Each structure stands twice: as C-alpha cells, then as structure tokens.
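The lines below spell out each chain.
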Amino acid sequence: MKALFLALSIVFCWFAPFNALASDLGTIVPGKDLVQPLTIQIDKHKKPEHHYAQILDTNFDLGRFASITTNDGSQVGNQPVEVFVEHKDTSYDLFLEVKPWIPAGDYYFVLYTYSIKNDKLIFESQTIETYYFSVPSWILLEEIDLWYPPLSGQHWELNAISYHTFRVAANYNWKLSIRSIQGFPGLHGVFIENNSEINLPVKDIIIDNQLKEVLKDTKTVSEDKTWQVYTLILYLDDITVLPAGFVDILLYLESSIIH
C-alpha cells in the first residue's frame, strides 16, 4: 500500500492588544476517534472564579469540518462557553476534533479564553491564541471481512478461485493498481463495488507481473460516507494451469492520490 501525503503551510497574522499567542498543531490526518487536546494554562482555580472560552475567527466551517469542545462535551463557538475547572487546577483542556471529510489544506482558528470573578473580568486572565494545523491529502486501504456480491450468473463465478474484500478511504482523487508477485497465465481479477442500488463489475482485467491501474475515483469521504468497499474475485481461464496441491497466489495492491 502506498499513500502520498502533501502538506502546505500558510502563515496568518492576528493582532491583539494583550497576550496574543500562536501555536502550530502540525499536520493532522483525520481518523477514527482522533482528538487533539488543547491545554489552557490558568492560575490556581479558586472559587468563585468562572472560566470561559470563545472562538473569534476561523477559516473553516466550525462544527462541520472540525469542532472544539470542553471536557463536558459543550461546543465552543462564537459565543462564550463556560469551562468547568476542578478546585485548585492550574490548567484545563479543550478538545479539537478534525472530521474525516475536511478537505486537504491549511487551517487556523483564534481562541479567546478569560476568567471572571465576582461578575468582574480578570483582565490579566485574557488570552488570545491562534492555532494552525494542516490536513494533507490522504488515502487508506485495508482488507476487511468478506462481502459476497449477489449472484449474477457470470462466468467468473463458476471459475472463481478466491474472493477478497477491501475498502478505500480518501479525501482526494485516488487510484488503485494491482500486479501479481508471480505469474499465472490467464489470471483475472473482477472488482465489484458494494453498492445498495446496483452491483456491477467495475473492471475485469488480466493480472500479471506488470502494475496496472484498475480503479480510479474522486474522494470517498463525506458527511454521510467514509469508505468505498469492493470485492475482488480472482479466476482463471484454465484452472489446469495450477499445479496440484496447495498454491499461494500473492497479489500487490497499491493505492495513491492523484494530483
């Protein structure tokens, strides 16, 4: 499997009259349950202090492409949100979650935090910090539990020697190529996408030791879907070319981003 990651950096400037900071969170590849903690330093918490967080600016759709939450799950947005802090704690965490369907690119958000005591702003508690992160073009390819395509009466079903199901996730245009590690004359591969509406072979190709492009598509990830699932059916024109006994057929699948 081969994945190509590209990241670009763009510097944004934001000026504030007090305690303006900047933090580079680096490159983030969205994945399952990926959460980036943001630690906010404070003086020792003493009641009746109350601590607040607010997003002043972003260059992405907050909530759709990424979200920032408090430790109790409240969403931090363009209105102040109170953050619960344990007695005598000297910091608290906010949590950045980047959604898998966010496009590749460079992003920032401006976070304003402050504290209030006895209904008065603690002026020196105010912090404005600009956070930067990059999302690269990415692709994932993995074999999963077998999905059997519906029977269609095609000749490859009678001549099938093995089935393999895999899934692809990508946030950009992508392609998949295949080759055989060792040659078997007349070895074919049929790729069928798992689709609830229609199940048709994507391509029936001869597999040899030359790397061949077999699938090409646009990004798979959206707010409704992440993976595209395919079953690869291997069959031979003439099964008698296989020697007697146990036979290993080794295949190489390569996924890559198309720029």
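It should be emphasised that the depicted structure is a prediction, and the values quoted were computed from it without experimental measurement. (Residues numbered from 1 in each chain as written. Predicted model: local features only at pLDDT ≥ 70, side-chain atom pairs only at ≥ 80, totals over all residues. Heavy atoms only, no water.)

Remarks on the overall build of the protein chain
Item 1. Within the protein chain, the regular secondary structure consists of one helix and 17 strands.
Item 2. Residues counted as buried form 39% of the 259 residues belonging to the protein chain.
Item 3. A separation threshold of at least 6 residues defines the contact pool for the protein chain, and within that pool the share at least 24 residues apart is 78%.
Item 4. Summed over all atoms, the accessible surface of the protein chain reaches about 14500 Å², with 51% contributed by carbon and sulfur. (Helix = DSSP H or I, 4+ residues; strand = E, 2+ residues; numbered from the N terminus. Buried < 20%, exposed > 50% of the residue type's maximum accessible area, 1.4 Å probe, protein only. Contact = heavy atoms within 4.5 Å. Areas by Shrake-Rupley, 256 points an atom, 1.4 Å probe, with all protein chains shown as cover.)

Here's the deal with the pairing of strand E9 (residues 127-135)
Item 1. A large share of E9 lies buried, amounting to nine of its nine residues.
Item 2. Neither face of E9 is exposed, since Thr127, Glu129, Tyr131, Phe133 and Val135 on one face and Ile128, Thr130, Tyr132 and Ser134 on the opposite face are all buried.
Item 3. Both strand E7 (residues 105-117) and E9 contribute to a ladder of nine bridges, which runs antiparallel. When the bridges of E9 are listed, Val110 appears paired with Thr130. (Pairing = 2+ DSSP bridges.)

So, the sheet that holds strand E2 (residues 36-41)
Item 1. The sheet built from three strands is open, its strands ordered E2-E6-E4 with antiparallel pairing. Of all the strands in the sheet, just E2 and strand E4 (66-69) have a single pairing partner and so form its edges. Strand-to-strand, the axes of this sheet are offset by a mean angle of 25°, without reference to chain direction.
Item 2. Here E2 pairs with strand E6 (residues 91-98) via six bridges, running antiparallel. Paired with Ile40 across the bridge in E6 is Tyr92. (Axes fitted to C-alpha atoms, helices over the stretch in contact; angles between N-to-C directions.)

Some words on the sheet that holds strand E17 (residues 251-257)
Item 1. Here we have three strands laid out as an open sheet, ordered E15-E12-E17, and antiparallel in their pairing. Two strands close off the open sheet at either side, each with one partner strand: strand E15 (212-217) and E17. Pairs of neighbouring strands in the sheet enclose a mean axial angle of 20°, with direction left out of account.
Item 2. Note that strand E12 (residues 174-180) and E15 share five bridges and pair antiparallel. When the sheet's bridge partners are listed, Ser177 is paired in E15 with Glu213.

Quick word on the pattern of salt bridges
Item 1. In the structure shown here, the tally under the stated rule is five salt bridges.
Item 2. We note a salt bridge from Arg64 to Glu223, for which the minimum N-O separation is 2.7 Å. Taken together, the positions of Arg64 in the loop between strand E3 (50-58) and E4 and Glu223 in the loop between E15 and strand E16 (228-236) put the pair 159 residues apart, joining distant regions of the chain.
Item 3. Residue Arg64 is classed as partly exposed on the basis of its relative accessible area, which comes to 38%.
Item 4. Across the pair Arg167 and Glu142 runs a salt bridge, and its minimum N-O distance is 2.6 Å. Residue Arg167 is found in strand E11 (residues 160-170), and its partner Glu142 is found in strand E10 (residues 139-144); the two are separated by 25 residues along the sequence.
Item 5. Of the residues examined, Arg167 reaches a relative accessible area of 25% and is grouped as partly exposed. (Salt bridge = Lys/Arg side-chain N within 4 Å of Asp/Glu carboxyl O.)

Thoughts on the pairing of E7
Item 1. Most of E7 sits inside the fold, with 10 of its 13 residues counted as buried.
Item 2. In this structure, E3 lies alongside E7, joined through eight bridges in antiparallel fashion. Across the sheet, the residue bridging to Thr58 is Phe109, located in E7.
Item 3. Looking at chain direction, E7 and strand E8 (residues 120-121) are connected through two bridges and run antiparallel. Note on E8: the bridge partner recorded for Lys117 is Lys120.

Everything listed is a geometric property; what it means functionally is a separate question.
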